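Structural description and commentary
Spelled out from the first residue to the last, the chains are:
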Amino acid sequence: MHALKETDVVGSEDLPIFENAQSWRGPELVHRNDWIHEFSADEISEIDAAVSHLDAKGVDILTIDRSMFSLPSLSAVLTSAKHEILHGRGFQLFRGVPVERYTPRQSAIAYWGLGQHLGEALSQNGKGHVLGHVANLGLNYADPEVRGYQTNARLPYHSDLADMVGLLCLRASKSGGLSSIVSSTTLWNEMVRRRPDHARTLLEPFYYTRWGEIPEGKLAFEAIPVFAPWHGSMIANYVRSAILKAQSLPGVPPLTLRQVEAMDFLDSLCVDPELHLDMAFKPGDVQLLSNHFILHSRTAYEDWAEVEKRRHLLRLWLVASDNYLEWSTTT
Ligand SMILES: [Fe+2]
């Protein structure tokens, strides 16, 4: 028997197994550091130069584009990371953005500028925020209007609505708040091996709420399969809270027991320590994930009493123009 090549697909015709760059398991990566890039002193100097120039000019952060945020040598590192995120293992961690000596505005310029070298920023909510704040506002996640990033609650494994999601850590929590990621390709493979019936169910469309943010001419919901084969890979889209919230919308068929059991099984695989990879953020860390190949989660956390010390992350949702996927089957 030959060793599997990167592009080999095994399994049955309708339920293939993908052994490729995306199909990693967390414990294999814990003791490796090829997914971590610590910025060198020279690279930080490049970031410093771009930030101080734009900060001194008083430039509106959201008008900064790639050409304005010049990174003579770091640009190639970011391009290579982007390729790894979109077409390889699906994630990257950068360390060492000097947020401790930056003002909040300088940190935002640095993060926005780095993001411009990776993709185009998307709005993350109905207010049109493209540079989002992830912080505990003391809100209750059980409130239907509240999004998970505004709380300190555990967030179940899910994907976001962009090609990539990035987080810059400005301040870490007092305790907890680990980021946890899992390869959705590995989740698929495990489903096929252990419960092919559930795998088959998750190829069907599931109905998602649009959270009241409905483009003109569109319905309040959209139908998207959890798993979909795409160009020789398996991509995933999974936000169980959005599926549950769609259930109250007129026109959405009720979830079947079979669908609920398939999601339960998927959730049980996500929390399997043999599959996921946890990471603790330090100030200056930038985590970048492909939403097509990674589900992410966060453990609950305890914050500092002092407001100025509390956990605070900046978030970007990025679209890569060469990789945008339109999966919606409902218009
Ligand atoms: Fe998320």
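The rules behind each value
Residues numbered from 1 in each chain as written. Predicted model: local features only at pLDDT ≥ 70, side-chain atom pairs only at ≥ 80, totals over all residues. Heavy atoms only, no water. Donors = N, O, S within 2.8 Å, 3.2 Å for Na, K, Ca; no water. Helix = DSSP H or I, 4+ residues; strand = E, 2+ residues; numbered from the N terminus. Pairing = 2+ DSSP bridges. Axes fitted to C-alpha atoms, helices over the stretch in contact; angles between N-to-C directions. Buried < 20%, exposed > 50% of the residue type's maximum accessible area, 1.4 Å probe, protein only. Contact = heavy atoms within 4.5 Å. Phe/Tyr/Trp six-rings, centres within 6.5 Å; stacked < 30°, edge-to-face > 60°. Core = buried A, V, L, I, M, F, W, Y, C linked by side-chain atoms within 4.5 Å. Salt bridge = Lys/Arg side-chain N within 4 Å of Asp/Glu carboxyl O. Left-handed = near helix turned anticlockwise from the far one by under 90°. Nonpolar A, V, L, I, M, F, W, Y, C, P; charged D, E, K, R; others polar.

**Describing the coordination of the iron ion**
Taken together, His-158 (NE2), Asp-160 (OD) and His-296 (NE2) make up the full set of protein donors to the iron ion, lying 2.2 to 2.3 Å away. When the donor residues of the iron ion are listed from N- to C-terminus, their spacing reads H-x1-D-x135-H. Here His-296 lies in strand β17 (residues 294–298) and His-158 lies in strand β7 (residues 155–158), a separation of 138 residues in the sequence.

**Focus: the sheet that holds β17**
An order of β7-β17-β10-β15 is seen for the four strands of this open sheet, with the pairing classed as antiparallel. Of all strands in the sheet, those with a lone pairing partner are β7 and β15 (277–279), marking the two edges. Taken pair by pair, the neighbouring strands of this sheet meet at an average axis angle of 15 degrees, ignoring direction. For strand β10 (residues 179–183) and β17, the ladder comprises five bridges, and the chain directions are antiparallel. Counted as the bridge partner of Val-182 is Leu-295 from β17.

**What to know about the side chain of Thr-201**
Among the structural elements, Thr-201 can be located in helix α6 (residues 196–201). On the basis of relative accessible area, Thr-201 is assigned to the buried category, the value being 3%. When sequence neighbours within four positions are dropped, the list of residues in contact with Thr-201 reads Phe-206, Arg-258, Gln-259 and Ala-262.

**Comments concerning the packing of aromatic side chains**
Throughout the structure, instances matching the rule amount to five aromatic pairs. When the ring of Phe-39 is compared with that of Phe-94, the centres are 5.1 Å apart and the planes differ by 5 degrees; the resulting orientation is stacked. Linking Phe-39 in the loop between β3 (36–38) and α2 (41–57) with Phe-94 in strand β4 (residues 91–95), this pair joins segments that are 55 residues apart in sequence. Judged by its relative accessible area of 5%, Phe-39 falls in the buried class.

**Looking at the nonpolar core**
Ranked by internal contacts, the top residues of the largest apolar core, which has 39 residues, are Ile-47, Phe-69, Val-97, Trp-112 and Leu-168. Sorting the residues of this core by element identifies α2, α3 (74–87), α4 (104–116), β8 (164–171), β16 (286–290) and β19 (312–319) as the ones contributing at least two each. Counting 30 residues, the second largest nonpolar core, distinct from the first, contains Tyr-208, Leu-266, Leu-269 and Leu-295.

**Focus on the pairing of strand β14 (residues 233–236)**
Burial along β14 is two-sided: the face carrying Ser-233 and Ile-235 and the face carrying Met-234 and Ala-236 are both buried. Judged from the four bridges that link them, strand β13 (residues 227–230) and β14 form a sheet pairing that is antiparallel. When the bridges of β14 are listed, Phe-227 appears paired with Ala-236. The antiparallel pairing of β13 with β14 creates a hairpin that spans two residues between the two strands, and His-231 there sits at a positive phi of about 50 degrees.

**Remarks on the pattern of salt bridges**
In the structure shown here, the tally under the stated rule is 16 salt bridges. Put simply, Arg-32 and Asp-34 hold a salt bridge, and the shortest N to O gap is 3.0 Å. Arg-210 is the salt-bridge partner of Glu-222, the closest N and O atoms lying 3.5 Å from each other. Here Glu-222 is found in strand β12 (residues 221–225), whereas its partner Arg-210 is found in the loop between β11 (205–209) and β12, with 12 residues between them in sequence. In this pair, the class of Glu-222 matches that of Arg-210, namely buried.

**Observations concerning the packing of α2 against α4**
The N-to-C vectors of α2 and α4 enclose an angle of 120 degrees; their axes lie 9 Å apart at closest approach. Considering only the axes of α2 and α4, their crossing is right-handed. On α4, the residues touching Ile-47, Val-51, Leu-54 and Asp-55 of α2 are Arg-105, Gln-106, Ile-109, Ala-110 and Leu-114. Of the residues that constitute the contact of α2 with α4, the class distribution is six nonpolar, one polar and two charged.

**A few points about unusual backbone geometry**
A positive phi angle, near 50 degrees, is found at His-231, a position not held by glycine. Within the secondary structure, His-231 is located in the loop between β13 and β14. Owing to a relative accessible area of 72%, His-231 belongs among the exposed residues under this scheme.

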